[in-house]
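In case you want the letters, here they are:
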Amino acid sequence: LFLWVIPMVLSCSAPKGNDLPSEEESFGREIITRLIKSDVRGMLVVLREYLMGDEDRAIKRVASLFYAENYEAAIQKSNAFLKEYPITNENFVVLLYKAWAHQELQQNKEAIYAFEQSLPYIKENNNVVRRKYAYVFFRLGYLYNGLGVHRTAERYLQEGLELETHNTYYQILLGDIYEQ
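Calculation criteria
All residue numbers refer to positions counted from 1 along the written sequence of the respective chain. Only residues with pLDDT of at least 70 get local features here, since the model is predicted, and only at 80 or more are side-chain atom pairs given and counted; chain-wide, interface and lining totals rely on the full set of residues. Only heavy atoms go into the side-chain values, all of them from the structure, while hydrogens and water stay out. Throughout this description, the term nonpolar core refers to a set of buried Ala, Val, Leu, Ile, Met, Phe, Trp, Tyr and Cys residues connected via side-chain atoms within 4.5 Å. The buried label applies to any residue whose accessible area, calculated with a 1.4 Å probe on protein chains only, is under 20% of its type's maximum; exposed applies above 50%, and partly exposed to all values in between. Contact definition: two residues touch when any of their heavy atoms are within 4.5 Å. Under the pairing criterion, centres of Phe, Tyr and Trp rings, with the six-membered ring standing for Trp, must be within 6.5 Å; the plane angle then separates stacked pairs below 30 degrees from edge-to-face pairs above 60, leaving the rest tilted. Only when the NZ atom of a Lys or the CZ atom of an Arg is both within 6 Å of the ring centre and within 35 degrees of the ring normal do we say a charge sits over the ring. Under the DSSP-based scheme used, a helix requires at least four consecutive residues in state H or I and a strand at least two consecutive residues in state E, with every element numbered from the N terminus. Every helix has an expected span of 1.5 Å times one less than the residues it contains. Here a salt bridge means any side-chain nitrogen of Lys or Arg lying within 4 Å of a carboxyl oxygen belonging to Asp or Glu.

1. Observations regarding the nonpolar core
In step 1: Phe92, Phe115, Leu119, Ile122, Val136, Leu140 and Leu157 are the most contacted members of the largest nonpolar core, which has 28 residues in total.
In step 2: Leucine 140 has contacts with Ile112, Phe115, Glu116, Leu119 and Tyr156, leaving out every residue within four places of it along the chain.
In step 3: Residues Ala63, Ala73, Ile75 and Tyr97 belong to the second largest nonpolar core, which totals ten residues.

Structure, rendered in structure tokens:
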């Protein structure tokens, strides 16, 4: 590893003016910093991140923007990702970040659209994995209820409660919809 990294770092020229360092330069500098600090675990983390594919890095970038509460940028990066890569069971989480970002920006119709795009990938999984995504059904029910589309809200809440039967909040919301 060191025989590969050190020559690469030494061959990197310093960025000029406002130029940002290339990915290889940043990687090399981070590895050298970790090497100097004798941080082997940190070196392995940096190496793993460098070696992950472009698709995984793009997903991680969308997640970082979302968790930094930079919702508009997360939506833009999600859209760029969706243009570049086909949606699969491994990467549909980008749709969920996009949906949550839209919801945080009070763009509920766009949030609904993104959540609904994720449903085929959720439904392809077994019941144990689907339970992990019960919140998508609950969120769709909540959003549709807010738009006054009660039958659709009811359907999504029922689907969510089939996966997570003890969710009192959404049981109450479903009861409120029945009363309307």
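The structure having been displayed, the exposition proceeds.
2. Quick notes on the packing of aromatic side chains
In step 1: Counting across every chain of the model gives 13 aromatic pairs.
In step 2: Where tyrosine 133 meets tyrosine 135, the ring centres are 6.3 Å apart and the plane angle is 45°; that geometry is what we call tilted.
In step 3: Assessed through its relative accessible area of 11%, tyrosine 133 is described here as buried.
In step 4: Through successive ring pairs, a cluster of aromatic residues spans Phe92, Trp100, Phe115, Tyr121, Tyr133 and Tyr135.
In step 5: In this arrangement the basic side chain of arginine 139 is found over the ring face of tyrosine 142, its NZ or CZ atom lying 4.7 Å from the centre.
In step 6: Stacked on the ring of tyrosine 156, the Lys or Arg arginine 155 has its end atom at 4.6 Å from the ring centre.

3. What about helix α6 (residues 93-104)?
In step 1: For α6, which comprises twelve residues, the first-to-last C-alpha distance of 17 Å matches the rise-based estimate of 16 Å (1.5 Å per residue) to within 8%.
In step 2: Burial of α6 is extensive: nine of the twelve residues sit out of reach of the surface.
In step 3: Of the positions making up α6, those classed as buried are Val94, Leu95, Leu96, Tyr97, Lys98, Ala99, Ala101, His102 and Gln103.
In step 4: On its buried side, α6 packs onto α4 (54-67), α5 (71-84), α7 (108-123) and α9 (134-146).

4. A look at the pattern of salt bridges
In step 1: Across all of its chains, the model carries three salt bridges by this definition.
In step 2: With a shortest N-O distance of 2.7 Å, aspartate 54 and arginine 57 are connected by a salt bridge. In this pair, aspartate 54 and arginine 57 are both assigned in helix α4, three residues apart and thus about one turn of the helix distant.
In step 3: Relative accessible area serves as the criterion here: at 52%, aspartate 54 is assigned to the exposed category.
In step 4: Under the relative-accessibility criterion, arginine 57 is labelled partly exposed at 26%.
In step 5: The partner of glutamate 159 in a salt bridge is lysine 123, with the nearest N and O atoms 3.4 Å apart. Within this pair, whereas glutamate 159 is found in helix α10 (residues 150-163), its partner lysine 123 is found in helix α7, the two being separated by 36 residues in sequence.
In step 6: Owing to a relative accessible area of 41%, lysine 123 belongs among the partly exposed residues under this scheme.
In step 7: Three or more residues are tied together by salt bridges with common partners; here these are Lys123, Arg155 and Glu159.

5. Concerning the side chain of asparagine 145
In step 1: Mapped onto the fold, asparagine 145 is located in helix α9.
In step 2: Classification of asparagine 145 by relative accessible area gives buried; the value is 18%.
In step 3: Once residues within four sequence positions are removed from consideration, asparagine 145 is found in contact with His150, Ala153, Leu173, Ile177 and Gln180.

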